[in-house]
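Survey of secondary and tertiary structure
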Amino acid sequence: MAEVTVKQLAAAVGSPVERLVAQMNEAGLPHKSGDETVNDEQKVILLTYLKKSHGEQETASDGPKKITLKRKTTTTLNTGAGKKAVNIEVRKKRTIVKEDEPKKDAKPAKRKPADAKDAKGGKPAARKPAASGQEGNGDFVAPVAPPADKEDRSSKKKEFRNKDKDRGDKDKRFNDRGSKGRGKGGRRDEGGDDFGSRRRGAPKRRGREDAEHQFQQPTAPIIREVELKGESITVGELAQGMAVKAGEVIKELMKLGVMATINQVLDIDTAILVIEEMGHKYKQVSDNAVEDSFLEEVKYDGEQVSRAPVVTVMGHVDHGKTSLLDYIRSTRVTSGEAGGITQHIGAYHVETDKGMVTFLDTPGHAAFTAMRARGAQSTDIVILVVAADDGVMPQTEEAVQHARAAGVPIVVAVNKMDKESADPDRVKNELSAKDVIPEDWGGDVQFVPVSAHTGQGIDELLEAVLLQAELLELTAVADGPATGVVVESRLDKGRGPVATLLIQNGQLKKGDIVLAGTSIGRVRALLDENGQPIEQAGPSIPVEILGLDTPPGAGDQFLVAESEKRAREVAEIRFAKEKEQFQAKQQAAKLDALFSMNGDAQASSLNIVVKTDVRGSLEALIGALEQLSTDEVKVTIVSSGVGGITETDANLASASNAVIFGFNVRADAAAKRVVENSGLDMRYYSIIYDLIDDVKQAMSGMLAPELREEIVGIAQVRDVFRSPKFGAVAGCMVIEGTVYRNKKIRVLRDNVVVFEGELESLRRFKDDVQEVRTGTECGIAVKSYNDVKEGDQIEVFDVKEVARSI
């Protein structure tokens, strides 16, 4: 501190000069008047004396030493003419704490409250009055104060408390603004702190005991273990796992040569590399742990019993698969199918004299490859239908491949034996070339000649199927929760999601909780293949169920769960996994498109919105349409789904300039209004190859036309003249076709093209002409070329555009 006079010190602490001089004399200081100076050592001596006289001498075990400074000023505020003046009292208080060096393993001393009771007498300990009789409210006045300029700056940060002395405590709201927590007379709390001296919302001063619990900055970096689930992770999730900002992860990726955003999907290998580079650890966790534990709960303790075979009828389109099944079922299913072809898998079970058989009828069209593959994987025996008058066709070969891949035995039904052109030996020869050897030729495949119209060989065919089933010794657990496969699904307008299931084990009952892929729900209705309600169904029985939240994917496995909560958890995990895979595929597609467009012209795109009646038809359509894409015209499926065409579909098509295709579905009134107002192209189809043919025609119209050159005339150069206007002018004889003035030409020398350009002038004698025919002489001036020589040929050609098709 700077040296001050006694008078300045008295003014700073708010004490009369005479009283301060008397206190200094009692402390042993030689000061006699207010003009003498006081140095820092003398101030400390005075402070020590005053503390002793007040009984506040701190021992080593007491709390920290402190100095409390107080000031009180009163001013008058005139509120206006004719109104009462307001007295404003400003109280200032400042406490300076001097910390001692803490001893090792020593606990901080607690502050003694002002009203603490005396340990011996049980009475509150009274403070000794100041030796000089200094006025105060129990707090001693320290003779040490900061400089006036610092005190003024600190006083600006305090909140003033306004008090009208004449009104007293009547205006409590006005008085409480600056004295929150203060009682009458400015009482202090137990800690000795004056709440009125703090601004509103300001934190209390912390004692030494609070300082011990403050946050300590770690001295070493924290190494975290990041759990990696699935096959990918986003940058944001990776940053959250390492407890760092996403920007740090992005910087690390940039060092590795990867440009990414916070929502970028990273593969696991890249994520592991980033984690190790940033000094953390990783732990790969199986994302199927919850699902695996859930599936382990489905157990079958019942006895294995014999079950009916599941037979899939496969073959080429129009070879009579459904007609053959019609005869067995004694129904007319084919007449109900559009175009006489099967559009989706039909599941039926038939009671025959030889026993029960479950049939799956699959489409034979090329677009339904995935559906045939699912049929082969869900079956026990495959009946391969081959027309005796048509032989082995592409889908016949594909059906053989699917059956071989699934390890399913084949029974060949040589159909249409009632026709005169039937040739069963031809079928045997062609199938033998595909490694399907008949039994009478030393193989293991049964060949049965049949006719779906006359019924020839139907009984023999069923006997062959049941014989093959006996060899397979098919069994299943009849009791317990049901499991199986989803054959087909669709969205019915009145009933909601409808799924066709093939039960493989257990009993499916009405009210069961079914989990199929990402779909879950309680079975509200159970129907057989004829639409009749039933209460339960066992192994090898196809049924339709209502009650799922969404149509499941065809080919998904289903099971009956005991806990709906656990089943819903598994469904959510599966959905999140599918979403991650979709995002990763979408990101890869964007990058592939970016790289493919590098340096190439942008390809045209045909945007399509597809809605179908069943899931299987939707998959077949999407697969067939995507295969139509070429390097020049891309087919983009903007949106697809099961169910009718809605207003949302129409708005999406309008925004993306897409064509709407409805396969066995129709648009509602709202969608029709949007289509009419936006001028969209919406088409309905019931036969799949009609839709595919129309898309091919539309894509053909988007192809750039093919340019073809056609030589229209040839002129022989007989002589060369020089013209001041045109330069070299060739005197020519037209030896073939017609030479035109406005068409492109080539100059040939020894049958080698030496120049390609245009004619600048074509004359017959002195007249400009537009064309010169065969056998006529003419003068030709070639634009921007003066090196024409005698013997050259001038070839005139035309470029024509020829429409292309896919």
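For every chain, the first residue of the written sequence is number 1, and numbering continues from 1 onward in sequence order. Only residues with pLDDT of 70 or above have their local features reported here, since the model is predicted, and side-chain atom pairs are shown and tallied only from 80 upward, although totals for entire chains, interfaces and linings are computed over all residues. Computation of side-chain values covers all heavy atoms of the structure but excludes hydrogens and water.

Observations regarding the sheet that holds strand β28 (residues 682-685)
Under the convention used in this document: Here the rule is simple: two strands pair whenever DSSP picks up at least two bridges between them. Comment: elements are numbered from the N terminus, with helices defined as DSSP H or I runs of at least four residues and strands as E runs of at least two. Axis angles are defined between N-to-C directions and span 0 to 180 degrees, where every axis is a line fitted to C-alpha atoms and, for a helix, only to the segment in contact.
Taking strand neighbours across the sheet as the criterion, the four strands line up as β26-β25-β27-β28 in an open arrangement whose pairing is parallel. Whereas interior strands pair on both sides, the edge strands pair on one side only; in this sheet they are β26 (633-642) and β28. Averaged over all adjacent pairs, the angle separating strand axes in this sheet is 25°, with direction ignored. Note that strand β27 (residues 659-663) and β28 share four bridges and pair parallel. Among the inter-strand pairings, Phe663 is bridged to a residue of β28, identified as Tyr685.

As for the packing of helix α1 (residues 6-13) against helix α2 (residues 17-26)
Put simply, the rule reads: Oblique is the label for any angle not covered by the other classes, which are roughly parallel (under 35 degrees), roughly antiparallel (over 145) and roughly perpendicular (65 to 115). Note on contacts: a residue pair is in contact if any heavy atoms of the two residues lie within 4.5 Å. For this scheme, ten residues count as nonpolar: Ala, Val, Leu, Ile, Met, Phe, Trp, Tyr, Cys and Pro. Four count as charged, namely Asp, Glu, Lys and Arg, and the remainder, Gly too, count as polar.
Direction vectors running N to C along α1 and α2 enclose 110°, while the axes themselves pass 9 Å from each other. Judged by the angle between their axes, α1 and α2 are roughly perpendicular. Listed contacts from α2 to Val6, Lys7, Leu9 and Ala10 of α1 are Val17, Leu20, Val21 and Met24. A breakdown of the residues in the contact of α1 with α2 according to their chemical character gives seven nonpolar, no polar and one charged.

Things to note about the pairing of strand β24 (residues 557-561)
The condition is simple: To sort residues, take the accessible area from a 1.4 Å probe on protein chains only and compare it with the maximum for the residue type: under 20% means buried, over 50% means exposed, and anything in between is partly exposed.
The element β24 is largely enclosed, with a buried count of four among its five residues. In this structure, strand β17 (residues 483-492) lies alongside β24, joined through three bridges in antiparallel fashion. Within β24, the position partnered with Val485 by the bridge is Gln557. Strand direction decides the pairing type here: strand β20 (residues 513-516) and β24, joined by four bridges, are antiparallel. From the neighbouring strand, Ile513 faces β24, where its bridge partner is Ala561.

Topic: the pattern of salt bridges
Selection rule: By convention in these notes, a salt bridge is any Lys or Arg side-chain nitrogen within 4 Å of a carboxyl oxygen on Asp or Glu.
The final tally for this structure, using the stated rule, is 24 salt bridges. Between Glu397 and Lys434 there is a salt bridge, with the nearest N and O atoms lying 3.5 Å from each other. Note that Glu397 is positioned in helix α13 (residues 394-406) and Lys434 in the loop between α14 (424-432) and β15 (446-449), a separation of 37 residues in sequence. Several salt bridges share partner residues, and in doing so they unite Glu709, Arg746, Glu756 and Glu795 into one network.

Details of α1
Stated formally: This arc is built from the directions going out from the helix axis to the C-beta atoms.
Among all positions of α1, only Val6, Leu9, Ala10 and Val13 are buried. Around the axis of α1, the buried residues are gathered within 100° of arc, so they sit on the same side. Gly14, located one to two residues past α1, shows a positive phi value of around 75°.

Structural notes on helix α17 (residues 615-626)
Because the α-helix completes a turn every 3.6 residues, residues three or four places apart line up on one side. As a reminder, the rule being used: Multiply 1.5 Å by the residue count of a helix minus one, and that product is the helix's expected span.
Compared with an ideal rise of 1.5 Å per residue, which puts 12 residues at 16 Å, α17 spans 17 Å between its outermost C-alpha atoms and is within 8% of the ideal. Within α17, burial applies to Gly616, Ser617, Leu618, Ala620, Leu621, Ile622, Ala624 and Leu625.

Examining the nonpolar core
Note the threshold: Only buried residues count toward a nonpolar core. Its members are Ala, Val, Leu, Ile, Met, Phe, Trp, Tyr and Cys residues joined through side-chain atoms within 4.5 Å.
Counting 25 residues, the largest nonpolar core has Val311, Leu324, Phe359, Ile383, Ala413 and Leu461 as its most contacted members. Sorting the residues of this core by element identifies β10 (310-315), α11 (321-329), β11 (346-352), β12 (355-361), β13 (381-387), β14 (410-415) and α15 (458-472) as the ones contributing at least two each. Among the elements that line this core, the one with the most residues is α15, at seven residues. Excluding residues that lie within four positions of it along the chain, Val311 makes contacts with Val357, Thr358, Phe359, Leu360, Thr379, Ile381, Ile383 and Val465. Val610, Leu621, Leu691 and Met699 belong to the second largest nonpolar core, which has 23 residues in total.

As for the packing of aromatic side chains
In plain terms, the rule: Two aromatic rings from Phe, Tyr or Trp, using only the six-membered ring of Trp, form a pair when their centres are within 6.5 Å; if the ring planes differ by under 30 degrees the pair is stacked, by over 60 it is edge-to-face, and anything between is tilted. Placement of a positive charge over a ring is assigned whenever Lys NZ or Arg CZ falls within 6 Å of the ring centre and within 35 degrees of the normal to the ring plane.
Going through the model one piece at a time under the given rule, you end up with two aromatic pairs. Ring centres 5.6 Å apart and planes at 80° place the aromatic pair Phe661 and Tyr685 in the edge-to-face group. With a gap of 24 residues between them, Phe661 in strand β27 and Tyr685 in strand β28 connect regions that are remote in the sequence. Overall, Phe661 belongs to the buried group, its relative accessible area being 4%. Among the residues examined, Tyr685 registers a relative accessible area of 9% and is labelled buried. Here the aromatic rings of Phe755 and Tyr785 are separated by 4.6 Å at their centres, their planes lie at 15°, and the arrangement is stacked. Residue Phe755 is located in strand β33 (residues 752-764), and its partner Tyr785 is located in the loop between β36 (777-782) and β37 (793-802); the two are separated by 30 residues in the primary sequence. Neither residue differs from the other here; Phe755 and Tyr785 are each classed as buried. Geometry around Tyr740 places Lys743 over its ring, the cationic atom sitting 5.3 Å from the centre. One residue, Arg746, lies across the ring of Phe797, its end atom 4.0 Å from the ring centre.

Considerations on unusual backbone geometry
Its identity as a non-glycine residue notwithstanding, Lys416 has a phi of 65°, on the positive side. Following the sequence through the fold, Lys416 ends up in the loop between β14 and α14. Assessed through its relative accessible area of 19%, Lys416 is described here as buried. At Asp750, a residue that is not glycine, the phi angle is positive and equals roughly 55°. By the secondary structure assignment, Asp750 is in the loop between β32 (744-749) and β33.

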